[in-house]
Amino acid sequence: MDWLEPRSPSEWAGRAFSLPTILLAVAALTLLLTELKFDWLERAVGETLVSTNAERPESGAIWEKGRKTQAARTTVERLATDREVYQRMARNAGTLNEVVGTLAPGQGVMLSAEHFRELYQKLPQGFTAELLSPFDLLRLVSEGRWNRTYLEKSADGLMVYLLEPNNNVLRQVKVGAASLAVLARGSTAASRSLEDLSNFQNRIYPAERFFAVLASLPADVQRSLIPQPERLLEIPGQIRRVGISDESAAGLVEIGFETRSGSQQRVFLVQAQDWAVWRLRSLLEGRKGGAASTEG
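Values in this document were obtained by computation on a predicted structure and should not be read as measured data.

1. Topic: the overall build of the protein
If you tally the helices and strands in the protein, you get 13 helices and eight strands. When each of the 296 residues of the protein is scored for burial, the buried share is 33%. Split by element, the accessible area of the protein, about 18,300 Å² in all, is 57% carbon and sulfur.

2. With respect to the nonpolar core
Ranked by internal contacts, the top residues of the largest apolar core, which has 26 residues, are Leu131, Leu132, Trp146, Leu151 and Val160. Mapped by element, the contributors of at least two residues to this core are helix 5 (96-101), strand 1 (108-112), helix 6 (113-121), helix 8 (134-143), strand 3 (157-163), strand 4 (169-176) and helix 9 (177-188). When residues in this core are grouped by element, the largest group, four residues, is from helix 6. Setting aside chain neighbours within four positions, we find leucine 131 in contact with Leu96, Phe116, Tyr120, Leu123, Val160, Val173 and Val175. Among the nonpolar cores identified, the runner-up in size contains 24 residues, and Ala207, Leu232, Phe257 and Leu284 belong to it.

3. Some words on the sheet that holds strand 5 (residues 204-206)
Pairing between the strands of a sheet comes from backbone hydrogen bonds, and it takes one of two forms, parallel or antiparallel. Strand order across the open sheet formed by four strands is 5-6-7-8, with antiparallel pairing between neighbours. Of all the strands in the sheet, the pair left with one neighbour each is strand 5 and strand 8 (264-273). Here the average twist between neighbouring strands, direction ignored, is 25°. Together, strand 5, strand 6 (238-249), strand 7 (252-261) and strand 8 form the strand contacts of helix 13 (residues 274-286), whose direction differs from that of strand 6 by roughly 125°.

4. Re helix 10 (residues 207-215)
Restricting attention to buried positions, one finds in helix 10 the residues Ala207, Arg209, Phe210, Val213 and Leu214. Looking straight down helix 10, one finds its buried side chains confined to an arc of 165°; they lie on one side. Along helix 10, the residues that are exposed and aim more than 90 degrees away from the buried face are Glu208 and Ala215. Check the buried side of helix 10 and you find it contacts strand 5, helix 11 (219-225), strand 6, strand 7 and helix 13.

Procedures and definitions
Residues numbered from 1 in each chain as written. Predicted model: local features only at pLDDT ≥ 70, side-chain atom pairs only at ≥ 80, totals over all residues. Heavy atoms only, no water. Helix = DSSP H or I, 4+ residues; strand = E, 2+ residues; numbered from the N terminus. Buried < 20%, exposed > 50% of the residue type's maximum accessible area, 1.4 Å probe, protein only. Areas by Shrake-Rupley, 256 points an atom, 1.4 Å probe, with all protein chains shown as cover. Core = buried A, V, L, I, M, F, W, Y, C linked by side-chain atoms within 4.5 Å. Contact = heavy atoms within 4.5 Å. Pairing = 2+ DSSP bridges. Axes fitted to C-alpha atoms, helices over the stretch in contact; angles between N-to-C directions. Arc of directions from axis to C-beta.

In structure tokens form, the structure reads like this:
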């Protein structure tokens, strides 16, 4: 066979249509046709990869994509499970503070309008005024468009969204972290005494003297001190002592009413207007024997 480069077209043609060239072309065509029909090459490569899969390092775009997919699936499953847990805890919650306590920053929960109204009615009046006025809530109820309430906790407070059935937002309200802290203190104080709460130290008065001074004040001052007196009547047992905080936040001061029913003792907190509290304290401490007392 001549291995030199052809010098003329006739030599090119002769070599192109020689027997070795034709046999090589037929062999290549046969391999191509059988591959198209039986996919033997892909199968062979696939079986080879499967047999060596355990020995190959888990690196590359496909492995990375698989890891991300698995991580995303795990995260979605965890979020779905957490959401179910939060929803169940929220449905069983008896107070707004219990609902907020179940949530971490960035998490939210959906409540029915009826459940939110039940929680709202248990809030102190000073807190309801910051959340949503009763008159605004009555208007929304009368319009019949309010269907659900979504609560979302953030690092600096709580977002409250009142929603229509199609998730249009009727009202959006933010409750600050300071107000949530006040609400939490009220829940914590429920099973404690006034002495256990540092903001009432040395400002604890017998209930009889407190209510005697309260009765001497005008009606508008009384309402500024105890916005919802009927709530005090719902507390089981006798109110024995009253504590007045010396801390003011957003124009409000806490007043704690300590009650005893049998062997159970608890403190019920209300938010009073600071100007009315200073007026009350001036009378309490100006009376004979008006120094703060812890005797009940």
